[in-house]
Structures are given as structure tokens and as C-alpha cells.
Amino acid sequence: MNHEPVPPPDADARVADLPVLRLKRHEERRVAAGHLWIFSNEVDTTATPLTSFAPGAYAAVRSDRDKFLGYAYVNPHSLIAARIVGRDRGFAPGPSLIVHRLNVALALRERLYTEPYYRLVHGESDALPGLVVDRYGDVLVAQIGTAGMEQQKGAIVAALEKVVKPRVIVFKNDSGARELEQLEKYIEVARGELPESITVREAGLTFSAPLATGQKTGWFYDQAANRRQFLPLMAGAKRVLDVFSYVGGWSVGAARNGAAVTAIDSSAPALEAAARNAAANGVALEAIRDDAFDAMEALHAANEKFDAVIVDPPAFIKRRKDAPKGEAAYKRINQLAMQLLARDGLLVSCSCSYHLAPEQLTDAIQRGGRHLGRFVQILATGSQSPDHPVHPAIPETRYLKAFLCRVTHD
Ligand code: SAH
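Reference entry: report on the structure contained in this document. (Residues numbered from 1 in each chain as written. Predicted model: local features only at pLDDT ≥ 70, side-chain atom pairs only at ≥ 80, totals over all residues. Heavy atoms only, no water.)

## Observations regarding the site of the ligand
Around the ligand, the surrounding shell holds 16 residues, and the nearest of these are Arg227, Asp265, Asp291, Ala292 and Asp312. Note that an oxygen atom of the ligand is positioned 2.7 Å from one of the side-chain N or O atoms of Arg227. Backbone polar atom of Phe244 to a nitrogen atom of the ligand: 3.1 Å apart, as the coordinates give it. Here the ligand, which alone exposes 580 Å², has 88% of that area covered by the protein. For the shell around the ligand, the residue count by class is six nonpolar, five polar and five charged. (Near = heavy atom within 4 Å. Polar contact = N/O pair within 3.5 Å; in protein donor to acceptor, adjacent residues only side chain to side chain. Areas by Shrake-Rupley, 256 points an atom, 1.4 Å probe, with all protein chains shown as cover. Nonpolar A, V, L, I, M, F, W, Y, C, P; charged D, E, K, R; others polar.)

In C-alpha cells, the structure reads:
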């Protein structure tokens, strides 16, 4: 063993020549513990006024005692005033850091998947805060959620071209989160031509989804692991109801298992795509275009029963203040689902609301079950697919919950 004293790793690496963002006393703790966000009230705005930064500008973040904490981009208009993009003082933020991060992100996905269909970049969890990139073969659909990433759009395109060499790059910058950063919403093609739809392969099946009118980037890769885990356990179900079906990710999988499937969604384009996806995979489904609550009430009134019901709603709780209303909606939708189950049925219940804890969802299921005199058993528990990694210091990155439950009569 060599016991020569070694200098600390980056002792002689110079901090890049960037304006300083100074934190107030004791406010460096969260960032030092690994979190990437700095809230506006944590900034020493007397020493470093936020208004001196243009939206998206890079800064070197320092504690009140001048300790270097990392590089960040700043948005003076956002509650999250800065997000850390790197902690290695020798690696200044900029195009080559983005290339590096993309290479690291791609290496994970190539280890996890044999085909190029996955979320390539999951924001903070891939140390690229504010950036999402979904890969559909040689088509990349990116979503920018922050001014800092918006500033880097050119560098992101160059990095994607270098690392992935795609045929098409689309920015689907239309998420609601952009308002918090005072960003306009738009769709833009950065490379190639705008495809009408994206095509994805999952578990041996092929799906298409319209891009411009579709949800998010077009497909919910976060549910892929849950479909893979739960669908085989539902193989005996003869009648399946897929509520909030979108383009039929769950529906087509269930139909391929031999079930007669009914899909409910309020979106006509989504249901048209679901029907096409069923046909493309050699099956069929029945579609109901309606509000999910109304459609389920109507099915109940008609005394329809299903062997399995899948409930995968959009986030009912987008902001914390929506929690009480949202919790009631989760309880109601799960109760409606259980009402539609045959005597020994299966319920797949999901929530993508970060503000609803897993125990709150199981509680909603349990209460709904008790109200109806049902006995509930949780058979399997799921979360988001591994191409949506969780950042252990950022609870918001763990958002998806899924439970497979057996529901019998008490
Ligand atoms: N289960 C899907 C994803 C669902 S996304 C999958 O795994 O791919 C949510 C879907 O709910 C969208 O397709 C949206 O059109 C639909 N939706 C939103 N509000 C609705 C409502 N009140 N009634 C019915 N569908 C609704």
C-alpha cells in the first residue's frame, strides 16, 4: 500500500470564471446532502441579487463561508431559483458536460434494454435538471422544463446528434411546468422532419401514438415495468376494463393475453390510436369515449362486470394544494373500479401524483373496499421503470405507484 499523502481530488482544479450565487448562512445543507435545487429564499440576495442573473445563466454556488458547492443555472423568476448541474469544480458547465451526461445516461439504458425504446434522460435523476428525452428508435422527443435548459437548447441538440445520431429530434415543449419558469409553450423540430406519430416497441408489441396531440412525449415508458410485472399475473382474466387507456398500452397487452378488453378515455385521438394499436397486434378492443367517472357509473348501472380493472389516471394532484380534492378522486375512482369487478377480481391501481404517498393510495383502495364490503389483498407492488431512475435526495423523482390487488367479497 502506498501511504504517500495525496492532495484532495480537485484541489488544484480552478473554479470556472462564473458569477457567484451566494447562499445564506446554513442554507447549503440540502445541496451539500445531494439535492440539486436552491430555493429563492435560500439565496443571499444582498450579496448576490437574483435580478443580476439572466434567466438560465450559469453560476458558481458558494456558501456564506465561500465554500464551493457546485455549478448551477439560475432563474430569477422561479421559486426554484437555481439547479445544480455539476459539483466537479474542474468540469465547468457547458456543451461538453452535456455530452458527458448523455453518454452516462445512454450507457445505463443500453445496459437495461435490448431495443432503442426508452426514456434516455430523466431530468434531475440523470443530473440534467429540467430535461427529459424519450427515445423512439431514431426519433428523439425532448421536453425542456426550465430556463436553464432552454438556454442550452443548441448544446443539447449538438450533444444528442453526437451521442445518439438520431434521424429526428423534436422539442415538445408544451408542459404546464414551463409556466413556473415563464417559458412559452411550443413544438419545434430541431432535426429531420416532424413525424405525425411515434412508434414504440414494448414487450414484443408495436404501438403508435400521435405526437402533436398525444400526451407528454407520446408514450408512457414509466409504466412499462408495471405492465411487464402485472400483465402475466392477470392472464386468466376474460373481461378487462382499462380506464384512462390512452393509446392502449395496458389494453393491447391484456387483449394479447386473450381477454375481451374495454378501454375508456376522454380523448378521441387516443382511442383511435388504441384501436389501431390493437389491430396492428392482431387483437381488437371496445372503446368508450367519455369521462371515466361517468362511463364507470354507466357500466355499473348496466350491471357490467369485469375480471380485471386497470385504473391509471392522469395526476389528480398536481400541486400540494390540490391534495384533499385529489385524494377524494383517487378514492372514488378506485371504489368505482371495485364495484365493476366480478366476485374474485383483480384491480390494477396506479397514481403518478408525487403528492399522493404509496400508503395513501393503498388507504384509498382499502377504504373504498371496506365501503363496498370487499376484502382486498395486495399481490404486487410497482413503481416507475428503471429508465426513470429515482434521485435518492429528491423525493419528487419517485412519483409513480402501482398496485395489483385481488378483490373478493367479505
Ligand atoms: N394508461 C396509459 C396512460 C394514461 S394517461 C398508459 O399506460 O399508457 C391519462 C389518460 O387519461 C389520457 O389518455 C387522457 O386522455 C385520459 N383522461 C384524462 N382525464 C380523463 C377523464 N376525466 N376521463 C377519461 N379519460 C381521461
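This is not the end of the story, as more comes after the structure.
## Some remarks on a nonpolar patch on the surface
Taken together, the side chains of Ile187, Val189 and Leu194 define a hydrophobic patch exposed on the protein surface, amounting to about 220 Å² of accessible area. Along the chain, Leu194 turns up in the loop between strand S10 (186-191) and strand S11 (197-202). Judged by its relative accessible area of 45%, Leu194 is partly exposed. (Patch = residues over 30% accessible without salt bridge, like charges linked within 9 Å, V, L, I, M, F, W, Y side chains within 5 Å. Salt bridge = Lys/Arg side-chain N within 4 Å of Asp/Glu carboxyl O. Helix = DSSP H or I, 4+ residues; strand = E, 2+ residues; numbered from the N terminus. Buried < 20%, exposed > 50% of the residue type's maximum accessible area, 1.4 Å probe, protein only.)

## Considerations on the sheet that holds strand S17 (residues 341-351)
Strand order in the open sheet formed by seven strands is S15-S14-S13-S16-S17-S19-S18, and the pairing between neighbours is mixed. The outermost strands of the open sheet, each flanked by one partner alone, are strand S15 (286-289) and strand S18 (374-382). Direction aside, the axes of adjacent strands within the sheet are offset by 20° on average. The pairing of strand S16 (residues 306-311) with S17 spans five bridges and is parallel. Bridge pairing in S17 links Ala308 to Leu346. Helix H9 (residues 323-339) contacts S16, S17, S18 and strand S19 (401-409) of the sheet and is inclined by roughly 155° relative to S17. (Pairing = 2+ DSSP bridges. Axes fitted to C-alpha atoms, helices over the stretch in contact; angles between N-to-C directions. Contact = heavy atoms within 4.5 Å.)

## Topic: the nonpolar core
Counting residues in each nonpolar core, the largest one holds 42 residues, and the members touching the most others are Tyr136, Ile198, Trp219, Phe230, Met234, Val240 and Val348. Composition of this core by domain shows at least three residues from each of domain 2 (95-195) and domain 3 (204-409). Not counting residues up to four positions away in its chain, the partners in contact with Val348 are Phe230, Met234, Trp250, Val309, Ile310, Val311, Phe403 and Leu404. (Core = buried A, V, L, I, M, F, W, Y, C linked by side-chain atoms within 4.5 Å. Domains from an automatic or database assignment.)

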